[in-house]
Amino acid sequence: FYANLSDHLEVESVVKFILVLFTYFKSAVNKDQANQVRQSQKHKKRGRQGTNKQSEGENTDDEADDIFDKFSADNTALMLSLADTINILWESIAELLKKHDNKACKKNLEDQFTGKDLGVVSILSHFEQKGMESLAEGNRQRARECFGTCSSFLACAARLEKKSVKEAA
């Protein structure tokens, strides 16, 4: 379905869809990273205090207002599906992005994927670490999902201009 979407929509619309999915994806990774930091801090507090006064199910005000409250990169099967979809969509317009008329669309994609806040390199690092942890825990399915996510984003990164990758590094 997604591989043929460019036959029915303009390149700009497909790029917008890719960017919406990528933004959603980055939000999930940000949430997962924040949860990891919070858990690490709770663990440190437990070590010092012996008990944790905040209950496990209690949310902070920020969490209650978050529309992505139930959405996190910890759901590796969903993240793999999103990463595959992004990759397939980008692949479907890769040749069209080379045309001069689509230069702005290509630049927009490259800017988002090489962004300083959470670009493709940070995402790869996050899922590589998650995959290695899963292997160490013996969870092979989760490791496959994490490494599959990395694979899809590596394929996207391969489509980036060398110049944009050097500028981001």
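Every value quoted in this text rests on a predicted model; they were computed, and no experiment measured them. (Residues numbered from 1 in each chain as written. Predicted model: local features only at pLDDT ≥ 70, side-chain atom pairs only at ≥ 80, totals over all residues. Heavy atoms only, no water.)

Draft legend 1. Summary view of the packing of helix α3 (residues 76-93) against helix α6 (residues 140-157). In contact at an axis separation of 8 Å, α3 and α6 are set at 20° when each is read in the N-to-C sense. When the axes of α3 and α6 are compared, the pair comes out roughly parallel. Pair α3 / α6 crosses with left-handed handedness. From α3, T76, A77, M79, L80, A83, D84, I86, N87 and W90 reach across to α6, where they touch R142, E145, C146, G148, T149, S152, F153, A155 and C156. (Axes fitted to C-alpha atoms, helices over the stretch in contact; angles between N-to-C directions. Helix = DSSP H or I, 4+ residues; strand = E, 2+ residues; numbered from the N terminus. Parallel < 35°, antiparallel > 145°, perpendicular 65-115°, else oblique. Left-handed = near helix turned anticlockwise from the far one by under 90°. Contact = heavy atoms within 4.5 Å.)

Draft legend 2. Region of the structure containing the nonpolar core. Residues I18, F25, F113, F127 and F153 are the most contacted members of the largest nonpolar core, which totals 34 residues. Contributing elements (two or more residues each) for this core: α1 (11-49), α3, α4 (103-113), α5 (120-137) and α6. At ten residues, the largest contribution of residues to this core is made by α1. Filtering out sequence-adjacent residues up to four positions away, F25 remains in contact with M79, L82, A83, I123, F127, T149 and F153. (Core = buried A, V, L, I, M, F, W, Y, C linked by side-chain atoms within 4.5 Å. Buried < 20%, exposed > 50% of the residue type's maximum accessible area, 1.4 Å probe, protein only.)

Draft legend 3. Fine view of the pattern of salt bridges. Going through the model one piece at a time under the given rule, you end up with seven salt bridges. Put simply, K16 and E12 hold a salt bridge, and the shortest N to O gap is 3.6 Å. Taken as a pair, K16 and E12 lie in helix α1 at a separation of four residues, close to a single helical turn. Here E95 and K98 are joined by a salt bridge, their closest N and O atoms 3.1 Å apart. Residue E95 shares its accessibility class with K98, and that shared class is exposed. Through salt bridges that share partners, D32, D74, K130 and R142 make up one connected network. (Salt bridge = Lys/Arg side-chain N within 4 Å of Asp/Glu carboxyl O.)

Draft legend 4. Region of the structure containing a nonpolar patch on the surface. A cluster of nonpolar side chains, M132, L135 and F147, forms an exposed patch at the surface whose accessible area comes to about 270 Å². Tracing the chain through its elements places F147 in helix α6. Classification of F147 by relative accessible area gives partly exposed; the value is 32%. (Patch = residues over 30% accessible without salt bridge, like charges linked within 9 Å, V, L, I, M, F, W, Y side chains within 5 Å. Areas by Shrake-Rupley, 256 points an atom, 1.4 Å probe, with all protein chains shown as cover.)

Draft legend 5. Examining the environment of K98 more closely. Among the secondary structure elements, K98 is positioned in the loop between α3 and α4. On the accessibility criterion, K98 (58% relative accessible area) is exposed.

Draft legend 6. Fine view of the packing of aromatic side chains. One pass over the full model with this rule turns up six aromatic pairs. Here the aromatic rings of F22 and F113 are separated by 4.0 Å at their centres, their planes lie at 15°, and the arrangement is stacked. Of this pair, F22 sits in helix α1 while F113 sits in helix α4, and the two are 91 residues apart along the sequence. We classify F22 as buried; its relative accessible area is 0%. (Phe/Tyr/Trp six-rings, centres within 6.5 Å; stacked < 30°, edge-to-face > 60°.)

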